[in-house]
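Notes for the structure review
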Amino acid sequence: MKTVLVTGVTGFVGGHVALQLLNAGYRVRGSLRSPGRADKVRKELEAAGAVTNALEFVTLDLLDDAGWAEAMSGVYAVMHVASPFVIEMPEDPDELIRPAVEGTERVLKAALGADVKRIVLTSSIAAIAYGDDPERKVPFTDADWTRLDTAIPITTYIRSKTLAEHRAWDIMKAAGRENDLVCINPTNIYGPLLGDDIGTSGLIIRRLLNGSLPAAPRIHLLSVDVRDVAALHLAALETDVAGGQRFLVSARALSLPEMARLLRRNFPDQARRAPRLTLPNWVTRLYALFDQDLRDNIGELGRPKRVHGARAEILLGHKLIDAETAFLAMAKTMIDRDLV
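Residue positions are counted from 1 within each chain, in the order its sequence is given. It should be noted that, the model being predicted, local features are given only for residues of pLDDT at least 70 and side-chain atom pairs only at 80 or more, the latter also being counted only at that level, while totals for whole chains, interfaces and linings use all residues. Remark: hydrogens and water are excluded; side-chain values derive from all non-hydrogen atoms of the structure.

Quick look at the overall build of the protein
Using the following cut-off: Runs of E in the DSSP output that reach at least two residues are strands. Runs of H or I that reach at least four are helices, and both are numbered from the N terminus. The reference for a compact globule is 2.2 Å times residues^0.38; the radius of gyration itself is calculated from the C-alpha atoms. The buried label applies to any residue whose accessible area, calculated with a 1.4 Å probe on protein chains only, is under 20% of its type's maximum; exposed applies above 50%, and partly exposed to all values in between. Residue-level accessible areas treat just the shown protein chains as cover; the underlying method is Shrake-Rupley with a 1.4 Å probe. Here Asp and Glu are counted as negative and Lys and Arg as positive; His is not counted, and neither are the chain ends. Note that the charge is assigned to NZ on lysines, CZ on arginines, CG on aspartates and CD on glutamates.
Counting secondary structure elements, the protein contains 12 helices and 12 strands. The C-alpha radius of gyration of the protein comes to 19 Å, within 12% of the 20 Å expected for a compact globule of 340 residues. Along the longest, intermediate and shortest principal axes, the C-alpha atoms of the protein span 55 × 45 × 40 Å. When each of the 340 residues of the protein is scored for burial, the buried share is 55%. Split by element, the accessible area of the protein, about 15,000 Å² in all, is 50% carbon and sulfur. Taken as two groups, the 42 positive and 43 negative side-chain charges of the protein have centres that lie 5 Å from each other.

Written out as structure tokens, the structure is:
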């Protein structure tokens, strides 16, 4: 059995990546910051149908060198999934940038030192589709990069993901192993939860259900199912020609008014407080002055970004799960587990 180190195994994406690896016959070594969370992760994966005899854990910190060399022993591949992801930006940018960039450096250098054969990095559309002309007509592809040298406002999260992916390619190129890195660049991720950590996407659903948004702004969020994101990680590991490439993965965009309608239609008892009115754009901009979550996502107001991610479907070998299914799957598990 080949061993794959999965960083951030306690997270939403990391858990699904571990699940698909175990189901495909790999041995998974999951990294977590607190060893006390290991039993919980194991139980969540077993509840999802995984046999966890081939699952082990190591305690690692993205900001600490301790244990990384040992964790790479006998490892065939690394899935570097761990990275902070928030809606509300921190006052200190280093809270996001340091773990993203320094963590990527630490993981890749340890992997190269152990001669790991393939590294799959969970990046983001944040590293592709920002800082460009707001009136851009051409769809973004995985050949595009977010522009950081622009007057267009860029959130700390977008900056952190862009800098981290640039650093990853620089490290691999300097080592002469650029073709052993694959980057997966998903959009906003929905899908069924494995545990009770609702992540950033779940916070959007919670706000739509709990009435904290009096009306739904016309913010459009490109969406993808976590099961496709995890499957793409596995395909990137097993497909030689994926090496040295990036894969933008996205189904279609969902607007917040559309999300609210989906919740009311499918969960009428739980969605009584979901907004029925659509907030005009000028009111949204005014309201964003007093709502940090909204202010940090004001760049998504209006029309959705256009993207072209067909190469991800080609690598997967199937059509992506549609955005509505992904969104409703997350909402259902949140409601079933009383997480709203």
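Having put the structure on the table, let's press on.
Focus: the packing of aromatic side chains
Defined as follows: Think of it this way: a Phe, Tyr or Trp ring, Trp meaning its six-membered ring, pairs with another when their centres are within 6.5 Å, and the plane angle makes it stacked under 30 degrees, edge-to-face over 60, tilted otherwise. For a lysine, the NZ atom is tested; for an arginine, the CZ atom; a charge sits over a ring if that atom is within 6 Å of the ring centre and within 35 degrees of the ring normal.
Across all of its chains, the model carries one aromatic pair by this definition. Aromatic pair Tyr 190 and Phe 327: ring centres 5.4 Å apart, planes at 75°, arrangement edge-to-face. Separated by 137 residues along the polypeptide, Tyr 190 in strand β7 (residues 188-190) and Phe 327 in helix α12 (residues 323-336) bring together distant segments of the chain. With a relative accessible area of 0%, Phe 327 lands in the buried category. Directly above the aromatic system of Phe 247 lies the positively charged group of Arg 311, at a separation of 4.6 Å from the ring centroid.

Comments concerning the pattern of salt bridges
Where we set the bar: Put simply, a salt bridge is a Lys or Arg side-chain nitrogen that is within 4 Å of an Asp or Glu carboxyl oxygen.
The tally for this structure, following the rule as stated, stands at 19 salt bridges. With a closest N to O distance of 2.5 Å, Lys 40 and Glu 44 form a salt bridge. Highlighted residues: Lys 40 and Glu 44, both in helix α2 (residues 38-47), separated by four residues, approximately one helical turn. Residue classification places Lys 40 among the partly exposed residues on the basis of a relative accessible area of 35%. We note a salt bridge from Glu 258 to Arg 252, for which the minimum N-O separation is 2.4 Å. Glu 258 sits in the buried class, given a relative accessible area of 17%. By relative accessible area, which is 38% here, Arg 252 ends up partly exposed.

So, unusual backbone geometry
Backbone geometry places Asp 115, a non-glycine residue, at a positive phi of 60°. You can see Asp 115 is positioned in the loop between α4 (94-113) and β5 (118-122). Positive phi is not limited to glycine here, since Asp 338 has a value of about 55°. Looking at where Asp 338 falls in the secondary structure, it is placed in the segment after α12.

Digging into the pairing of strand β2 (residues 27-32)
Condition: Two strands pair under a simple rule: DSSP has to find at least two bridges between them. Looking down the strands as they point away from the viewer, one classifies a crossover as right-handed if the path from the first strand across the helix to the second runs clockwise.
Counting buried residues along β2, five of its six residues qualify, which places the element largely inside the surrounding structure. Sheet analysis places strand β1 (residues 3-7) next to β2, joined by four bridges and oriented parallel. When the sheet's bridge partners are listed, Thr 3 is paired in β2 with Arg 27. Where the polypeptide runs from β1 across helix α1 (residues 12-23) and back to β2, its parallel neighbour, the crossover connection is right-handed. Two strands pair when backbone bridges link them, and β2 and strand β3 (residues 55-59) are joined in this way by five bridges, in the parallel orientation. Looking across to β3, one finds that Leu 32 is bridged to Thr 59. You can see the chain leave β2, run along α2 and come back into β3, and the turn it takes is right-handed.

Here we look at the sheet that holds β3
Sheet strands line up and pair through hydrogen bonds in the backbone, either parallel or antiparallel. Our working rule: Helix axes are fitted only over the stretch in contact, all axes being lines through C-alpha atoms; the angle between N-to-C directions runs from 0 to 180 degrees. Residues count as neighbours in contact if any of their non-hydrogen atoms are within 4.5 Å of one another.
With parallel pairing, the seven strands of this open sheet are ordered in space as β3-β2-β1-β4-β5-β6-β10. Edge positions in the sheet fall to β3 and β10 (246-249), since each of these pairs with one other strand and no more. Taking the axes of each pair of neighbouring strands and ignoring which way they run, one obtains an average angle of 20° across the sheet. As judged from the four bridges shared by strand β6 (residues 181-186) and β10, these two strands associate in the parallel manner. Bridged to Asn 185 within β10 is Leu 248. Sheet contacts for α2: β2 and β3; angle to β3, the most-contacted strand, approximately 150°.

Describing the sheet that holds strand β9 (residues 220-225)
The three strands lie next to each other as β7-β9-β11, forming an open sheet whose pairing is mixed. Looking at strand neighbours, the two that pair on one side only are β7 and β11 (253-255), the edges of this open sheet. Sheet twist, expressed as the average angle between the axes of neighbouring strands with direction ignored, equals 50°. Of the strand pairs in this sheet, β9 and β11 are connected by three bridges, and their pairing is antiparallel. Across the sheet, the residue bridging to His 220 is Ser 255, located in β11. Against the sheet, helix α7 (residues 226-238) makes contact with β7 and β9, and its axis sits at roughly 60° relative to β9, the strand it touches most. With respect to the sheet, helix α8 (residues 256-266) is in contact with β7, β9 and β11, its orientation differing from that of β11 by roughly 80°.

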